[in-house]
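So you can see what is in the structure, the chains are spelled out below.
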Amino acid sequence: MRISDHIIRTATPDDLDAARAVMLDTVYRDFGTGYVPRWHGDIIDLAGAYLTPERHTLLVAVDAAGEVVATGALDSRGPAHPPNPRHVAERYPSGVTAQLRRVYVRPERRRRGLARRLVDELLAFASADGGYRSVYLHTDPAVTGAEPFWRSLAKVVHDEREDAGGGQGIVHFDVPMV
């Protein structure tokens, strides 16, 4: 299936179960952690996390059959310290930072530009909001393809693998606003 066969749109309440399935499949398969409430609570309450707050959004990529095959979200919560490094949390305060979250694509649909299209739409949303000064995200480099993808779009601001003890092994990025 070609990228042009997919529609990127704002999620509706009817999309939430399918979007949640994409997300949970990703945290179990790709992250190897399974569902961890303190990290993944937003996945359970997608409406409260992304649909209800005006400055937040959840996008879905839907194929020609109407199946949700990818997700991408944005919220106004900066990274918290702990667990993130203090200087990263201070650089990206809540309220003025758009944080990209849950940019996940089903494995069989990867490498077709869906994640890039989702990110472009999320950045346009952040820019249109008018209140965001920066865009932040973090990724687990153990997820196949994640780190090179984000490095192609963003600038590394902190790589925890370089910390004494390796931190959580997370890589933190600054994404240029559009």
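**Student:** Break down the overall build of the protein for me, citing the residues and quoting the values.
**Tutor:** Each helix and strand counted, the protein has six helices and seven strands in total. Reading the helices (α) and strands (β) of the protein from amino to carboxyl end gives β-α-α-α-β-β-α-β-α-β-α-β-β. The globule rule puts the C-alpha radius of gyration for 178 residues at 16 Å, and the 15 Å found for the protein is close to it. The buried share of the protein, reckoned over its 178 residues, is 49%. Total accessible area on the protein stands at roughly 8,700 Å², and carbon and sulfur atoms take up 52% of it.

**Student:** Requested: an account of the layout of surface pockets, with residues and values cited.
**Tutor:** A probe as big as a water molecule, rolled over the atoms, marks out the empty space that is left. Taken as a whole, the largest pocket holds about 1,400 Å³ of empty space. Lining the largest pocket are 44 residues, with F31, Y104, H138, T139 and D140 positioned closest to its centre. Counting only elements with at least two residues in the lining of the largest pocket, the list comes to α2 (37-44), β4 (97-105), α5 (114-129), β5 (134-139) and α6 (146-153). Take the lining of the largest pocket: its biggest share by element is seven residues, from β4.

**Student:** Outline the sheet that holds strand β3 (residues 68-75), listing residues and values.
**Tutor:** Sheet architecture is open: seven strands sit in the order β1-β2-β3-β4-β5-β7-β6, paired in mixed fashion. Every interior strand has two partners, whereas the edge strands, β1 (7-10) and β6 (155-159), have only one. Strand after strand, the sheet turns through a mean of 25° between neighbouring axes, direction not considered. Pairing analysis gives five bridges linking β5 to strand β7 (residues 171-175), with the strands arranged antiparallel. In the strand pairing of β7, L137 is matched with F173. Contacts from α6 reach β4, β5, β6 and β7, with the element oriented near 30° to β7.

**Student:** Got a sec to walk through the packing of helix α1 (residues 16-29) against α2? Specific residues and values, please.
**Tutor:** Running from amino to carboxyl end, α1 crosses α2 at an angle of 160°, the nearest separation of the two axes being 9 Å. By the angle class used here, α1 and α2 are roughly antiparallel. Residues R20, M23, L24 and V27 of α1 form the contact with α2, whose own contacting residues are H40, I43 and I44. Considered class by class, the residues forming the contact of α1 with α2 number five nonpolar, one polar and one charged.

What counts and what doesn't
Residues numbered from 1 in each chain as written. Predicted model: local features only at pLDDT ≥ 70, side-chain atom pairs only at ≥ 80, totals over all residues. Heavy atoms only, no water. Helix = DSSP H or I, 4+ residues; strand = E, 2+ residues; numbered from the N terminus. Rg over C-alpha atoms; globule rule 2.2 N^0.38 Å. Buried < 20%, exposed > 50% of the residue type's maximum accessible area, 1.4 Å probe, protein only. Areas by Shrake-Rupley, 256 points an atom, 1.4 Å probe, with all protein chains shown as cover. 1 Å grid on protein atoms, 1.4 Å probe; cavity = no way out; pocket = protein on both sides within 12 Å on 5 of 7 lines; lining within 4 Å. Points joined across faces, edges and corners; volume = space filled by probe spheres on them. Pairing = 2+ DSSP bridges. Axes fitted to C-alpha atoms, helices over the stretch in contact; angles between N-to-C directions. Contact = heavy atoms within 4.5 Å. Parallel < 35°, antiparallel > 145°, perpendicular 65-115°, else oblique. Nonpolar A, V, L, I, M, F, W, Y, C, P; charged D, E, K, R; others polar.

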